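# Notes for the structure review
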Amino acid sequence: MAAHAAVPPPAPETGLLAEDRIAVATQWQLMWWRFRKHRLAAGGTIVLIAFYLLSLFADFFAYADPQESEAQRSLMAPQEIHWFDGGSFSPHVYALTGTRDPLTFKRVYVPDPAKKIPITFFGHGEPYELFGFIPCDRHLIGVSGAKAGESLFLLGTDMQGRDLWSRLMYATRTSMTIGLVSVALSLILGVVLGGISGYFGGWIDTVIQRIIEILRSIPTIPLWMGLAAALPPDWDVVKVYFAITIIISLIGWTELARVVRGRFISLKQEDFVMAAELLGCSKARIIFRHMVPSFISHIIAATTLAIPAIIISETSLSFLGLGLRPPAISWGVLLQDAQNIQALVISPWLLYPSVAVIVAVLAFNFMGDGIRDAADPYL
Amino acid sequence: MVAYVVRRLLLAVLTVWAISVLSFMIIHLPPGDYVTSYIASMSASGSAVSEGEANALREQLGLDKPITVQYAKWMGLMLQGNFGMAMEWGRPVSDVIGDRLTLTMVISVAAIIFTWALALPIGIYSAVYPYSFADYVFTFVGFIGLAIPGFLLALVVMYVGFAYFGANVGGLFSPDFAEAPWSLAKIWDLTKHLPIPAVVLGVSGTAQLIRIMRSNLLDELRKPYVMTARARGLSEYRVIMRYPVRVALNPFVSTIGYLLPYVVSGSIIVSLVLSLPTVGPLLLKALIAQDMFLAGTIVLLLGVMTVIGTFISDLLLMWVDPRIRLGRQ
Amino acid sequence: MRNDTRPLLSVRNLRTSFFQDEGTTKAVDGASFDVFPGKTLGIVGESGCGKSVTAQSILRIVDRPGRIVDGEIVLTRADGSEIDLVKLKANSREIRSVRGGDIGLIFQEPMTSFSPVHTVGEQIIEAVLLHSEVGKKEARLRGIEALRSVGIPKPERRIDEYSFELSGGLRQRAMIAVALSCNPRLLIADEPTTALDVTTQAQILDLLRKIQQERGMAIMLITHNLGVVAEMADDVVVMYLGKVVEQGKVDDIFHDPKHPYTKALLQSIPSIDSTPRLKLPTISGSIPHPFNRPKGCPFHPRCVSAIAGRCDVEEPPLQAVGEGRKASCFLYP
């Protein structure tokens, strides 16, 4: 904006250079510069990159089999890591022995300072297949001289004695990807229907708008619950995963459609679209060559802002036991264990996965806000 | 004005119809039908149902007819207020749902009142003093409020109640009143229990409304009529409260339209954690027991209540906004 | 003659700036002028020259992040006492009794100058109740009277209508009625006719003149339209980039402009004597960006008679260039 607002008097060298740089910058460069200035958005983006790296290399960050249950290790508290041993750096944990309290029948775990288990980094551990086909057995954290799954409990264990840290890594993978897949489906529905609605207008616009209004006035959770409960109980994890994704996106597309339609309507009145029409461009060319590039940034922003809602939906459904079902692991599935308040009071670490949910949702909101502001500072 | 009411009414009817189709789908999607699940539940409780009995039941319920006929029949029953039997309870659905549906609405409305009471002053403050320290604090807290799913907040509230106060903060009634018939004392007991669920339910909506109110009011504050009001010699407080706030209130009123479905939706899951006697726990139980008839009815009734609420808010909007009342937009 | 009349409003060295992250904009930069009772002062200039901010400064309703930095605005009240409006607090009781009471304001945008959810009457009655000790009934009657006095037909019905139910011309009349409802002694009209079509413009100007004659009220008319100034004003102030570059009686300014900017402005309006089919002269260049104010005389980059080494270094002071007129230009020592 500032670049062509004035005929400035000779400015200092650097000022001129800066203005030249703005004058020749592409739309994406301008957006990137504005986005960088948005501290929270930049922070959110870094957090999200970390989360997706965690999802991609979940097997590397986990150190135990997330499904291996052992009643002897049920509900262990997060372990304390001792970083120094006699003044020198050598991280280790104490071995734990579990006994049953004769009065309350609760299992209590007592650390044994005599038995130190050294912690290793990038060491060998459980074998796994990276990306599903590269055999590997390196883990970020491990122990030497014992099995990691039996002696290391960074975030404690759940009721069945499964290691919460390792389960959280795999849950992150599920929950973060379900957001992406579901938003992709919503995006397709939203762009197509919103685009048709905005570009053609008339009765078809009215129909689509009414459908959106109707969908938005229905309480979603009961509907989702009903649809999710209707899934056959004998479906496997993958099928349920995709069915839940579809159910969530069936209702999530309305907001995206609204944004796309709004953009189409305001762009239709722009002179450059009229010019393209007068030049005899085909409809497809006008839409994809002229209109879409000028609002794609808004779509990206709206998409980013749609993901957190989807993550919360999945978490809520799974928390109720109607979404993903064990043996699938997602944040919601993990939090199901926290449903029992008595159990929660005794073992508050069962609530730790909620930190991941909140941080991820916050990060998406910050990033989405940043993109929106960068795309259109005057919106 | 008439055109506006008619259009809203038509939309409401259409929405109810759409909800009824979806509810019917929920009833019919799972493999098997009412009778198979009835047989399953009967055999689970030890009594067998013969093939002949099953067929008779199917015929009686019209389950042998085409799906459209079944839908019409079901709708007919619904319209007469005959919601059928709840299998697990062995009582008519209307009996089982009655109070619970009312309480769902009571909680939802309480949550909306809480949302408004908090979002309105904070939104006004943030718009009148934008980029002030308090504005940043509200924005940040609002973001966090948006990021915490309702059930998590409920869990935390329950946890804090148990761990630090040793009290169960859930429920809507004291034990003495839970089964008692309605009385003034019971209503008073309910009022005392309402704040916690209302706050838990209202938090994320509040965060959204603050942002809506803030940006609406920021737009309005820039308009010339604010300056002319100031130029008439009104005090700053009166200028802001009487003009831009009043104008920004209109879109705010219309937010009920989407706040209500959102809150009702949230109440289902929050009720489970806080063990509130709403339709939430009932719906979950019905779904897990595959009592789709009860579940479908609950989804339908929740939807209808929401539509009625939204319609009322549309009328309210017409009442506060002369532009709609006089047919200009 | 003028020397024995005290000015109703005397603005001295007014400076109003907007403080933003990107920099400070000096919207009004040392403006001085007087408004005399019963006379019309025209303030002319291109958009962005600080005319409207001057009006807002007088009423102390400059929006944040704007602030009056310096200067004084002395108003002579009905009882003969003088107050400096700059010294009052922006939300104090005194300044509020001046707004709407001593000074009325009408705006360019009749559409958005009324609240869309209040009737015209509510907004007039409010002002009447605020500035005079009358009951609601009496206030309503006065409101109707005010509407009638600006030529609105059926005022007893119009008073209960919303502004969006009125036509553009009626709306501007209603706006004037609100401003006049408490008999101000000064009416500030900020581009009162810009948003109206030509016929309505003429009617509104006639109305303003008629009211002025009836009530002996002073008018401060802010406009970019030189025709309107020629028709309405007694005195003229020409502003450029927040500064007064020339001021004097309307005839002097129009017939013998001194400042090169005023000359250029006058040349850019078509006249009946100008050669047909000839392109009208325009002022070269455009208004500098407020953050890039030129050094020296603000007009020198666009001035045809700029003196190199002087105009771009020093700022010319506003000084007398003849009987009752002033200009800020080095061409007139």
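Residues numbered from 1 in each chain as written. Chains lettered and ligands numbered in written order. Predicted model: local features only at pLDDT ≥ 70, side-chain atom pairs only at ≥ 80, totals over all residues. Heavy atoms only, no water.

### With respect to the environment of Pro222 of chain A
Our working rule: In this description a helix means any DSSP run of H or I spanning at least four residues, a strand means any run of E spanning at least two, and both kinds are numbered starting from the N terminus. Note on classification: 1.4 Å probe, protein chains only; a residue is buried when its accessible area is under 20% of the maximum for its type, exposed when over 50%, partly exposed between these limits. A contact between two residues is defined here by any heavy atoms of the two lying within 4.5 Å.
Inspection of the secondary structure puts Pro222 of chain A in helix α8 (residues 220-229). Residue class for Pro222 of chain A comes out buried when judged on its relative accessible area of 1%. Residues Pro222 of chain A and Leu317 of chain A lie 95 residues apart in sequence; the distance between their C-alpha atoms is 9.9 Å. Those residues in contact with Pro222 of chain A, other than ones at most four positions away along the chain, are Ser265, Ile268, Leu283, Val299 and Leu302 of chain B.

### Focus: the domain arrangement of chain A
Residue and element names in this part refer to chain A. For the record, the criterion: Note that domain bounds follow an automatic or database assignment of domains. Put simply, buried area is the surface a 1.4 Å probe can reach on two separate parts but cannot reach once they are joined, added for both. Whenever Lys or Arg places a side-chain nitrogen within 4 Å of a carboxyl oxygen from Asp or Glu, that contact is recorded as a salt bridge. We call two N or O atoms a polar contact when they sit within 3.5 Å, provided that within protein one can donate a hydrogen and the other can accept it, with sequence-adjacent residues counted only if both atoms are side-chain atoms. Charged residues are taken to be Asp, Glu, Lys and Arg, nonpolar residues to be Ala, Val, Leu, Ile, Met, Phe, Trp, Tyr, Cys and Pro, and polar residues to be all remaining types, Gly included.
Per the domain assignment, the segments of chain A are domain 1 (71-160) and domain 2 (167-374). Each of domain 1 and domain 2 has a C-alpha centre, and these two points are 38 Å apart. On the side of domain 2, 8 residues touch domain 1, which itself brings 10 residues to the contact. Contact between domain 1 and domain 2 buries roughly 760 Å² in total, counting both sides, with carbon and sulfur atoms accounting for 71%. Put simply, domain 1 and domain 2 have 0 salt bridges between them. Taken together, the connections running from domain 1 to domain 2 amount to 0 residue pairs in polar contact (both at pLDDT 80 or more). Here the residues of the side of domain 1 that touches domain 2 sort into 6 nonpolar, 2 polar and 2 charged.

### A few points about the sheet that holds strand β11 (residues 319-322) of chain C
Residues and elements named next belong to chain C. Our working rule: Any two strands are treated as partners once DSSP identifies two or more bridges connecting them. To get an axis, a line is fitted to the C-alpha atoms, and for a helix only the part in contact is used. The angle between two axes follows their N-to-C directions and goes from 0 to 180 degrees.
The strand order β6-β7-β8-β3-β9-β10-β12-β11 describes an open sheet built from 8 strands, whose pairing is mixed. Sheet topology places β6 (103-106) and β11 at the edges, where each strand pairs with a single neighbour. Averaged over all adjacent pairs, the angle separating strand axes in this sheet is 25°, with direction ignored. The pairing of strand β10 (residues 243-249) with strand β12 (residues 325-327) spans 2 bridges and is antiparallel. Opposite Gln247, over in β12, you have Lys326 as the bridge partner. Sitting on the sheet, helix α10 (residues 260-267) touches β9 (235-240) and β10, and the angle it makes with β9 is about 100°.

### Re the interface of chain A and chain B
On the side of chain B, 43 residues touch chain A, which itself brings 40 residues to the contact. Between chain A and chain B, roughly 3700 Å² of surface is buried when both sides are summed, and carbon and sulfur atoms account for 83% of that area. Interface area lost by chain A to chain B is led by Ile214, Pro219 and Ile341 of chain A, which between them contribute 14%. Here chain A is connected to chain B by 2 salt bridges. For the salt bridge of Arg211 of chain B with Asp369 of chain A, the shortest nitrogen-to-oxygen distance reads 3.0 Å. Where the side of chain A that touches chain B is concerned, the elements lending two or more residues are α7 (202-216), α8, α11 (283-320), α13 (341-346) and α14 (353-375) of chain A. The greatest single-element share of the side of chain A that touches chain B, amounting to 9 residues, is contributed by α14 of chain A.

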